[in-house]
Amino acid sequence: MMNWKRKDILGLQNLSAEEIGLILDTAVPMKEILGRAIKKVPTLRGRTVVTLFYEPSTRTRTSFELAAKYLSADSVNLSASTSSVVKGETLKDTARTLVAMGADVVVLRHPMAGAPNLLASTIPAAVINAGDGAHEHPTQALLDMFTVREKMGQLAGLNVAIIGDILHSRVARSNIWGFTKMGARVRICGPATMIPPEIEAMGVYVCTRMEEALDGADVVMMLRIQLERQQQGLFPSIREYARLFGLNRKRLALARPGALVMHPGPMNRGVEISPEVADGVNAVINEQVTNGVAVRMALLYLLGGGGMPDA
Amino acid sequence: MHKLLLKGGRVVDPQAGEIFAADILIVDGRITAIGPGLEPGEGAVMDVAGKLVAPGLIDMHVHFREPGFEAKETIASGSRAAARGGFTAVACMPNTNPVADNRAVITYIKTRAEEAGLVKVYPIAALTRGSRGEELTEMADLKEAGAVALSDDGHPVASAAVMRRAMQYARMVGLPVISHCEEPTLSAGGVMHEGYMSTVLGLPGIPAAAEEIMVARDIILSEYTGCPLHIAHVSTSGSVRLIREAKARGVPVTAEVTPHHFTLTDRAVADYNTSTKVNPPLRTEEDVAALKEALADGTIDVIATDHAPHTLEEKDVEYQLAPFGLVGLETALGLVWTELVVPGVLSPVEAIRKLTVNPARILGLQEGVLKVGADADITIIDPELMEVVDPATFASKGRNTPFSGRRLQGLPVATIVKGRVVYNRDLAVIA
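Residues numbered from 1 in each chain as written. Chains lettered and ligands numbered in written order. Predicted model: local features only at pLDDT ≥ 70, side-chain atom pairs only at ≥ 80, totals over all residues. Heavy atoms only, no water.

Going by an unreviewed UniProt entry, chain B carries the name Dihydroorotase and comes from Desulfofundulus thermosubterraneus DSM 16057. Annotation of chain B in UniProt includes, under Pathway (unreviewed entry), the sentence "Pyrimidine metabolism; UMP biosynthesis via de novo pathway; (S)-dihydroorotate from bicarbonate: step 3/3." Looking at the Function (unreviewed entry) heading of the UniProt record, one finds this comment for chain B: "Catalyzes the reversible cyclization of carbamoyl aspartate to dihydroorotate." (UniProt positions renumbered as here; feature names shortened; annotations may be inferred.)

Per an unreviewed UniProt entry, chain A is named Aspartate carbamoyltransferase, and its organism is Desulfofundulus thermosubterraneus DSM 16057. For the record of chain A, the UniProt heading Sequence similarities (unreviewed entry) holds the text "Belongs to the aspartate/ornithine carbamoyltransferase superfamily. ATCase family." Of the comments in the UniProt record for chain A, the one headed Catalytic activity (unreviewed entry) reads "carbamoyl phosphate + L-aspartate = N-carbamoyl-L-aspartate + phosphate + H(+)".

Next up, the structure:
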């Protein structure tokens with residue numbers, strides 16, 4: 001097995017298929033730990049993980065925090081509003097402060113693309129991108145791939161449909177890089193106003209008819225539509241959005257039998273996904289959440305110096 | 001009497017399109033003789049053997065930040081940067097604080113430039129009060145005070161009606177209008193070119209259409225009003241097409257391009273280096289090719305830097321938070337030579353023309369030529385000299401360049417303004 005060499009996880013664009021495979025493989029025993037009665041191993045004892053969140057998030061932050069705790073790392077959680085960034089201390093200064101206090105791993109969520117890159121080039125600590133603007137959300141994509149691999153046995157050759165607001169979606173971008181590197185075929189679908197320019201060059205098929213996107217899909221990934229995008233003039237109404245791009249049982253029948261339905265959460269039930277589908281047999285949405293902890297444990301392990309003599 | 005003889009160089013005459021071996025004699029700030037085998041008499045001799053002796057370069061688009069933003073640049077530091085970059089004259093944009101929309105600020109800029117005493121600084125006045133795009137400035141008064149052009153650079157006039165009146169009035173007064181073409185509702189929030197790279201990087205894009213719509217609008221208004229229009233920092237192939245077509249029709253339009261727009265593409269943004277954040281943004285390979293073609297066929301008249309210094313701390317932040325702009329004065333000539341002259345896009349004479357007579361003609365300046373009786377504004381160029389760009393050596397306060405570490409060939413080695421050597425890299429002067 002290859003050795004892990006990277007200091008940071010900034011995105012999946014620059015990871016090799018081999019590296020992605022290693023992360024997913026490492027997450028398998030981590031998931032086993034999550035199934036134990038006593039969910040704690042001493043692997044990262046004495047290490048400090050800081051989650052630095054400049055955007056509200058419950059699920060990702062909690063997932064990282066629990067992942068750190070299950071590995072016995074000390075974790076601290078820092079939330080800041082972006083306005084304080086604009087007015088006060090810079091991101092770089094905040095990060096330097098954390099390092100001076102002994103942070104080994106900094107998990108960053110930031111509304112601006114590229115913020116983790118800036119951080120990673122500033123501090124010696126490992127940086128994990130927990131979502132930066134519309135750029136990447138690598139841990140979400142890794143947990144999605146882990147979930148699909150676990151259910152389907154493999155990723156190569158699968159047809160993955162990603163549907164919704166692609167323009168603003170870091171989840172879509174990371175999943176496009178990840179799934180295509182692992183040999184899956186990715187189609188994206190959404191309103192023409194929410195398809196970013198030249199995205200075909202990322203190696204995906206683009207369509208605006210949901211029926212086309214769903215036809216023969218093995219995996220259907222629905223993205224959250226932010227309702228305020230309507231006010232920005234990106235689509236005419238929630239009603240029409242749901243009509244054109246909402247996943248319901250009838251539409252799901254176009255996908256392969258047994259196709260997986262995924263959603264990174266939080267869901268707008270009745271908008272991009274109908275409750276019957278969200279709670280139906282194809283949905284793996286809750287397992288995505290569990291796997292998120294396992295994948296983040298794997299990353300903390302790989303980046304946080306897991307496997308050291310004291311482990 | 002102060003005499004200086006430039007001995008043994010090759011003189012560039014961009015008007016006649018010639019380069020010929022000749023000496024130049026300067027007496028009390030003016031050129032008194034151009035010809036072979038001149039003798040200095042009592043004066044000093046500068047050995048310019050093997051060098052090109054060109055009319056002083058003119059940068060018609062700089063931001064000197066004074067008054068108001070002296071931490072970024074002052075007229076003095078900007079003048080030093082200009083001299084070091086081989087420029088003997090610059091035209092500075094009015095987006096200072098206060099905005100250069102009244103006689104007092106224009107006078108202040110001229111006074112500060114005289115105190116700095118290095119290069120000629122020609123102020124460009126605002127087109128509308130406060131560059132707010134609403135009311136016209138006192139254009140006649142501004143011209144009398146010394147403004148050479150009018151522009152709301154950086155704050156494009158959104159209203160077509162205001163632009164139309166401004167152009168009508170500017171034509172009457174006899175000043176050219178310089179337009180930063182950007183349709184603000186299309187560019188809003190954008191920080192880089194909209195295309196594959198913005199998609200991958202997840203950064204909000206500025207589509208080429210945002211520039212081209214305004215280029216089209218302003219060309220139409222120029223044609224309608226008869227006002228000479230100069231399009232600043234053209235960056236897209238579509239803009240080039242519009243300008244080429246307008247020129248063919250006889251519209252009084254001219255255009256400039258910056259060295260960064262004919263050198264770099266949006267691929268340079270890949271690592272979120274904020275020195276690549278500039279407005280208009282770095283575009284694509286296809287655009288760069290179109291800009292070079294437009295330089296070669298004369299569609300683009302001028303090369304100007306859009307020198308836009310910022311402090312280190314302003315640029316040392318998230319890409320979206322960083323201000324637009326990069327410094328250009330001290331890398332311009334090297335980029336012109338390396339990217340255009342060496343590969344044969346432009347001949348040396350054509351390149352010099354776009355840095356001298358062409359901007360002078362647009363701004364109505366006497367400068368830009370070497371002739372007996374004219375001010376001795378001269379740039380000595382070593383076309384073979386190579387250097388790696390090191391921002392630490394810049395005279396500008398700004399270090400925000402995307403060209404750090406790039407090897408450039410063809411550099412200024414001395415800059416002479418009214419007979420005074422304001423920059424000398426290493427040429428021997430024998431008194």
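We now examine the UniProt feature "binding site: carbamoyl phosphate" (unreviewed entry) in chain A. All names here are of chain A. Residues annotated in UniProt with the feature "binding site: carbamoyl phosphate" (unreviewed entry) correspond here to R59, T60, R109, H137, Q140, G265 and P266. Leaving out residues up to four positions away in the same chain, H137 has contacts with T60, R109, A130, G131, R170, V171, S174 and R296. With respect to the secondary-structure elements, Q140 resides in helix α6 (residues 138-152). (Contact = heavy atoms within 4.5 Å. Helix = DSSP H or I, 4+ residues; strand = E, 2+ residues; numbered from the N terminus.)

What follows covers the packing of α6 of chain A against helix α7 (residues 170-181) of chain A. All names here are of chain A. In the contact formed by α6 and α7, the axes pass within 8 Å of each other and the chain directions differ by 50°. Of the possible angle classes, the one that applies to α6 and α7 is oblique. The interaxial crossing formed by α6 with α7 has right-handed handedness. Contact residues: P138, Q140, A141, D144, M145 and V148 in α6; V171, S174, N175, G178 and F179 in α7. The residue inventory of the contact of α6 with α7, partitioned by class, reads 6 nonpolar, 4 polar and 1 charged. (Axes fitted to C-alpha atoms, helices over the stretch in contact; angles between N-to-C directions. Parallel < 35°, antiparallel > 145°, perpendicular 65-115°, else oblique. Left-handed = near helix turned anticlockwise from the far one by under 90°. Nonpolar A, V, L, I, M, F, W, Y, C, P; charged D, E, K, R; others polar.)

Facing 23 residues of chain A, the contacting portion of chain B comprises 14 residues. Note on chain A versus chain B: buried area summed over both sides is about 1600 Å², and carbon and sulfur give 62% of it. Our count for the chain A to chain B interface comes out at 1 salt bridge. Put simply, D316 of chain B and K92 of chain A hold a salt bridge, and the shortest N to O gap is 2.7 Å. At the level of secondary structure, the elements contributing two or more residues to the side of chain A that touches chain B comprise α3 (82-87), α4 (91-100), α5 (115-120) and α7 of chain A. Among the elements that take part in the side of chain A that touches chain B, α5 of chain A stands out by supplying 3 residues, more than any other. When grouped by side-chain class, the residues that make up the side of chain A that touches chain B number 15 nonpolar, 5 polar and 3 charged. (Buried area = accessible area lost by both parts, 1.4 Å probe. Salt bridge = Lys/Arg side-chain N within 4 Å of Asp/Glu carboxyl O.)

Glancing now at the state of the cysteines. All names here are of chain B. Scanning the model with the defined rule gives 0 disulfides over all chains in all. With no disulfide of its own, C181 has C227 as its nearest cysteine by sulfur position, at a separation of 13 Å. The exposure class assigned to C181 is buried, which follows from its relative accessible area of 6%. (Disulfide = S-S within 2.5 Å. Buried < 20%, exposed > 50% of the residue type's maximum accessible area, 1.4 Å probe, protein only.)

Low-pLDDT portions of the prediction should not be read for the details of their coordinates. Averaged over every residue, the pLDDT of chain A is 93; the share at 70 or more is 95%. This model gives residues 307-311 of chain A a pLDDT under 50, and the stretch forms 5 contacts once residues within four places in sequence are excluded. (pLDDT = per-residue confidence, 0-100.)

Turning to the pairing of strand β2 (residues 74-79) of chain A, a few remarks are in order. Residues and elements named next belong to chain A. The pairing of strand β1 (residues 48-53) with β2 spans 6 bridges and is parallel. Bridge pairing links F53 to S79 in β2. The β-α-β motif built from β1, the intervening helix α2 (residues 59-70) and the parallel element β2 has right-handed crossover chirality. (Pairing = 2+ DSSP bridges. Right-handed = clockwise from strand over helix to strand, strands pointing away.)

All names here are of chain B. As summarised here, the arrangement of the 6 strands in space is β3-β2-β7-β18-β19-β20, forming an open sheet in which the pairing is mixed. Of all strands in the sheet, those bounded by a partner on one side alone are β3 (18-21) and β20 (420-424). The average undirected angle you get between the axes of adjacent strands in this sheet is 30°. Here strand β2 (residues 10-13) runs beside β3; their pairing, made up of 4 bridges, is antiparallel. Of the residues in β3, the one forming a bridge with V11 is F20. Across the face of the sheet, helix α12 (residues 332-341) comes into contact with β7 (52-55), β18 (378-388) and β19 (407-417) while running at roughly 135° to β19.

Moving on: the packing of helix α1 (residues 17-34) of chain A against helix α12 (residues 285-303) of chain A. The description of two helices packed together rests on the angle between their axes and the distance between the axes. Residues and elements named next belong to chain A. Look at α1 against α12: their axes get within 7 Å of each other, and the N-to-C directions meet at 115°. In the packing of α1 onto α12, the handedness of the crossing is right-handed. Contacts between α1 and α12 involve L22, I23, T26, A27, M30, K31, I33 and L34 on the former and, on the latter, T290, N291, V293, A294, V295, M297, A298, L299, Y301 and L302. For the contact of α1 with α12, the per-class residue count stands at 14 nonpolar, 3 polar and 1 charged.

Turning our attention to the pattern of salt bridges. All names here are of chain A. One pass over the full model with this rule turns up 36 salt bridges over all chains. With its nearest N and O atoms 3.0 Å apart, the salt bridge here joins R149 to D25. Of this pair, R149 sits in helix α6 while D25 sits in helix α1, placing them 124 residues apart in sequence. Accessibility expressed as a relative area gives 21% for R149, which makes it partly exposed. When its relative accessible area of 35% is taken as the criterion, D25 is described as partly exposed. One salt bridge in this structure joins E55 and R170, with 2.9 Å as the shortest N-O distance. Highlighted residues: E55 in the loop between β1 and α2 and R170 in helix α7, separated in sequence by 115 residues. Using a relative accessible area of 21% as the deciding quantity, one classes E55 as partly exposed.

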